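So you can see what is in the structure, the chains are spelled out below.
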Amino acid sequence: MDFNIYNGLMTGVLLLVASAVVVPLFATHRKLAGTLNFLACLAAALIFTGVACQVLIGTGAPATFDLHLGGLVMPLMIDGFSAVFMALISLMATVTAFYCIGYMEMDHYRHYSLRSFFFCYPVFVAGMIGIVTVDDLTTGFTIAWQMMTLASFFLIRFDYKDETIVRNANKYLLLMELAWAAVLAAGLMVPGCGWGASLHQIAENLGVVDTGLRTLLLALAMLGFGMKAGMFPLGQLWLPDAHSVAPSPISAMLSGVMIKTGVYGMLRTLFWMTPDSMPAHELQYWGLVTAFVGVVTLFIGTAQAVKQVDAKRLHAYSSIGQIGYIIMAIGCARYYLGHEAGLQALALLALFGALCHTLNHAVFKGLLFLCTGSVQYTTGTKDLDKLGGLFGLMPVTAVIAGIAAIAVSGVPAFSGFTSKWAIVGAALLPGKAAGIFVIFGVIALVTSAMTLATYVKFYGMTFTSVGVEWNEKNDIHEVSTAMLLPKLVLAAVCLVQGLFPFLFVALFGRVLATSAGSITQVLGTPEMLSSLAQSYAGVTLRLGDAPVAFSLPLVMIAMLAVAMLFALWLRKAGGAEERTAPVWLCGYQTLNNANRYLSSHIFDAFKKFMKWTGGNVRGA
Amino acid sequence: MNPTPNLFVGIAQVVANLVLFLALAPLFDGIVRRVMARVQSRKGPPLAQSFYDVLKLLGKENIDSTGILPFRLAPLVAFASMLCVIAILPVAGHATALTPYADTISLVYLLTLGGVAVLLGAFASKNIYALIGASREMTTMIMVEPILFMILLLGVLKTGSLDLTAVIYGTPSAEFGWPGIVMIVVSLFALQAFVARQPFDMAEAEQELLGGPFIEYSGPNYALFKYYMMLKQMFYAYLPIAMFVPLLKSGYFVLDLLLQVVLTALVFLLIGLLSATHPRYRIDQAIRYFATLFVIALAAIGAAVIF
């Protein structure tokens, strides 16, 4: 059993490495190279997903191995958490690789060689798989991190003829190396642990050192992973710049999955690297600090996202905001774990929310970047001031982007809803037992209204309203089926995530059952898991006998559907006739480019009010 | 207890809620129109005028200036979302068949969905006035929705549950203490913003934006939006009554309900008076006003958490 997991992992990684060597040889045949790259990713993804399923279904997990590579020994560990992240990376990598085939044909990229692109892409994926499977902070971590960082650095600077892009990529590289140094330093400074010490050993040794050193080491690890995840203020330093200049499918990978490796690292730090002997109040302190940082991250990130005029910068800032929700949930879970049973059930809800939002965000944000990529492909711009009115021209992309935008805004029955419900609910329900978290919950809710504003603006200014017809390019049309297909797949996944959250509960149960560590001991018990009741209609949290919070998307969507049928009937009831007419601008104006509302005008008063949050756009 | 009759009662309650709101909302709107007229020394329309307006609009020409789906979808979604809110609302302390399927967070997000639909329609309509209105509407929503939520949150904190019946009726009013009093004041000061009336009707602003988000809508589509606005208005006027005025507990549901309806009518009287006597705020002034309310409400929540 264990042997299969190990072999599967190795085969997948070797396949990706082989693809990195072979595919660049065909780089002059762009479509062929893209297809080969996709097939390699698909094969590797199937293997990784197989491994993930085996881990989650079987009894062999958590599986630990030592990998010998030359003279180096690195510990690997695959448990339920790794499996979920592996499956997520596999899905996004495959779908994006398929999208790349069409996208890299873009006019703008015609004179760029794809050799480095197809070398870096599989290495990047392999690096991320590595990060979520290695079990140390030194040897294995360094190899995986450098694969991921260097490969993504070259992918970001793909358009190397533009100086800004190169500068942003350099900044990204520098900061990621700093993050690496921080984590590595944390790993090496633990007394009694050298290169290749497993997390388990690190946790044991952290138990005997004094509080000051332990705090320093944990803080270093949190800073390193936080940098990757986009934690405030570190995320603002690199994330929007890097995500907005990379080719769109790469942005989808960066925002969808790469920053999730930071979340993974934070989870490991807070729940696996904390020794059992650590005093409860110290752990709670960590939870409180993490949740606070999460709240600041989500508020500031989203407030900055509202202001953006560049579609990809908008998505990037919003990614910081959404990661903030996840960090806050992790912090809540850490805090509640130390408390009495009532709060522990809420820790379960918070952690469920964090995991759920990680998966949801990966899909809908990936989808949004791919849709923006399609818009950029066909119109040549990602400037919201120049876009508008694409719904009629690219209807399929518009509908898909609509699903993703609604999901990120947390509209009931779509995928962001249940995860945000879980996170906000977990923050609000402790009441007096953890008062500060109630305030955090209120701020999270305010922020979700701002997320909504961000995506109303993005969607409105790109797909509805007017403007693109006065843009430079005038042969705007829907993108090819090859570029629509991956988006359709992701949109379907996104809808399933939204409508059937009980799948997540089942998955979460398995994740806890197949992981070791303090989380599982407290939360993995059947009594605890039963407080998060699942039915086909949705998820219910029970404390004691009564259900205290419930998210039932299927009921909600059924209710909305019935109500909409009634509204439809009402609209028809009067027998009114339909007619089309031009837009009415008070009779003395025509609709033209000088006479429209731009993205930089929208929410003007609110943007001024929020000026202190930073991330302002000049002239907007 | 046998669950079948309960289910039957619950379903009857859903229908009763819808009928109550659909029938009364236009009349309440009529109260506001009449009060405003009287303050301005006019006679004012009959109380049922808003009802006639909707009926007439339903038969008039439906003009589409855009030809895209979001424009036609928006009024349906707005109206439907509000119906859902009403269907889950435990009116006069009685949970409907649908109340156990949506908690407070769901309620807030359903209300947001209605706002989203208005914005979607506005953005789809290509009209600069609609877009300016949408921008203001969204800004108001960001600032005001949290205040509504914090009012409900008081109930959440007292009962430790997000279930709507528990949140709205689970706490005797006296137990809210002074955070409750602060919240009553806050909800009074936010009332005009909740119902989008002067001085906070920046989004529609008939005199400058000609109806803002709704400028391109006509006929049945506009009727749906109008009905949506009236239902929303009634919901927001009803909520503080349900939350802070204790139920009569007379044992007769109808009597309890009647008292709540009469009190809601009084709230509408207040709305009318305030609308008639206040000039419109600019959006930047309104933001500062909401921000102050937000901070006060947050302080009350903080106090409720600590003490």
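Everything here concerns the structure above.
Residues numbered from 1 in each chain as written. Chains lettered and ligands numbered in written order. Predicted model: local features only at pLDDT ≥ 70, side-chain atom pairs only at ≥ 80, totals over all residues. Heavy atoms only, no water.

Draft legend 1. How the structure looks around the overall build of chain A. A count of helical and extended segments in chain A gives 22 helices and six strands. A compact globule built from 620 residues would reach a C-alpha radius of gyration of about 25 Å, and chain A, at 24 Å, matches this within 12%. Expressed along its principal axes, the backbone C-alpha trace of chain A runs to roughly 80 × 65 × 45 Å. Put simply, chain A has 34 plus and 29 minus side-chain charges, and the middle of one group is 8 Å from the middle of the other. (Helix = DSSP H or I, 4+ residues; strand = E, 2+ residues; numbered from the N terminus. Rg over C-alpha atoms; globule rule 2.2 N^0.38 Å. Lys, Arg positive; Asp, Glu negative; His and termini not counted. Charge placed at Lys NZ, Arg CZ, Asp CG, Glu CD.)

Draft legend 2. Examining the pairing of strand E5 (residues 546-551) of chain A more closely. With five bridges connecting them, strand E4 (residues 538-543) of chain A and E5(A) associate as antiparallel partners. Considered in E5(A), the bridge of A:Leu543 is made with A:Ala546. (Pairing = 2+ DSSP bridges.)

Draft legend 3. Summary view of the side chain of B:Gln233. Counting through the fold element by element, B:Gln233 comes out in helix H9 (residues 219-244). Among residues more than four places away in sequence, those in contact with B:Gln233 are B:Asp29, B:Val195, B:Arg197 and B:Phe268. (Contact = heavy atoms within 4.5 Å.)

Draft legend 4. Structural detail: the environment of A:Ala567. Relative to the helices and strands, A:Ala567 is located in helix H21 (residues 553-573). Judged by relative accessible area, A:Ala567 falls into the buried class, the value being 0%. (Buried < 20%, exposed > 50% of the residue type's maximum accessible area, 1.4 Å probe, protein only.)

Draft legend 5. Structural detail: the pattern of salt bridges. All names here are of chain A. A complete count under the given rule lists 13 salt bridges over all chains for this structure. The salt bridge involving Arg268 is made with Asp79; its shortest N-O contact spans 2.8 Å. Of this pair, Arg268 sits in helix H10 (residues 248-271) while Asp79 is found in the loop between strand E2 (72-78) and helix H3 (80-103), placing the two residues 189 residues apart along the sequence. Both residues of the pair, Arg268 and Asp79, belong to the buried class. Connected through shared salt-bridge partners, Lys171, Asp241 and Arg313 make up one network. (Salt bridge = Lys/Arg side-chain N within 4 Å of Asp/Glu carboxyl O.)

Draft legend 6. View of the interface of chain B and chain A. Of the residues lining the interface, 82 residues belong to chain B; the matching set on chain A comes to 71 residues. Carbon and sulfur atoms make up 79% of the surface buried where chain B meets chain A, a total of about 6,500 Å² over both sides. Joining chain B to chain A, the criterion identifies one salt bridge. Between B:Glu61 and A:Arg579 there is a salt bridge whose closest N-O contact spans 3.0 Å. Linking chain B to chain A there are twelve residue pairs in polar contact (both at pLDDT 80 or more). Looking at the side of chain B that touches chain A, the elements with two or more residues in it are helix H2 (49-59), strand E1 (62-64), helix H3 (69-88), helix H4 (104-124), helix H5 (128-159), H9 and helix H11 (283-306) of chain B. (Buried area = accessible area lost by both parts, 1.4 Å probe. Polar contact = N/O pair within 3.5 Å; in protein donor to acceptor, adjacent residues only side chain to side chain.)

Draft legend 7. Inspection of the packing of aromatic side chains at higher detail. In the structure shown here, the tally under the stated rule is 47 aromatic pairs over all chains. Taking 5.3 Å as the distance between ring centres and 85° as the angle between the ring planes, the aromatic pair formed by A:Phe117 and A:Phe118 counts as edge-to-face. The interplanar angle of 50° and the centroid separation of 6.3 Å between the aromatic rings of B:Phe214 and B:Tyr222 together place this pair among those described as tilted. With a relative accessible area of 24%, B:Tyr222 lands in the partly exposed category. Each residue in the set A:Tyr99, A:Tyr103, A:Tyr109, A:Tyr112, A:Phe117, A:Phe118, A:Tyr121, A:Phe158, A:Tyr160 and A:Tyr377 is aromatic and connected to the rest through ring pairs, giving one cluster. (Phe/Tyr/Trp six-rings, centres within 6.5 Å; stacked < 30°, edge-to-face > 60°.)

Draft legend 8. Expanded view of the packing of helix H2 (residues 30-57) of chain A against H3(A). Residues and elements named next belong to chain A. The N-to-C vectors of H2 and H3 enclose an angle of 165°; their axes lie 8 Å apart at closest approach. Between H2 and H3, the angle is such that the two are roughly antiparallel. Classified by chirality, the crossing of H3 by H2 is left-handed. Across the contact of H2 with H3, the residue classes break down as 16 nonpolar, seven polar and one charged. (Axes fitted to C-alpha atoms, helices over the stretch in contact; angles between N-to-C directions. Parallel < 35°, antiparallel > 145°, perpendicular 65-115°, else oblique. Left-handed = near helix turned anticlockwise from the far one by under 90°. Nonpolar A, V, L, I, M, F, W, Y, C, P; charged D, E, K, R; others polar.)

Draft legend 9. Inspection of the side chain of A:Ser600 at higher detail. Residues and elements named next belong to chain A. For Ser600, the position within the fold is in the loop between strand E6 (578-580) and helix H22 (604-609). A relative accessible area of 9% places Ser600 in the buried class. A polar atom in the side chain of Ser600 sits 2.7 Å from the side chain of Asp385.

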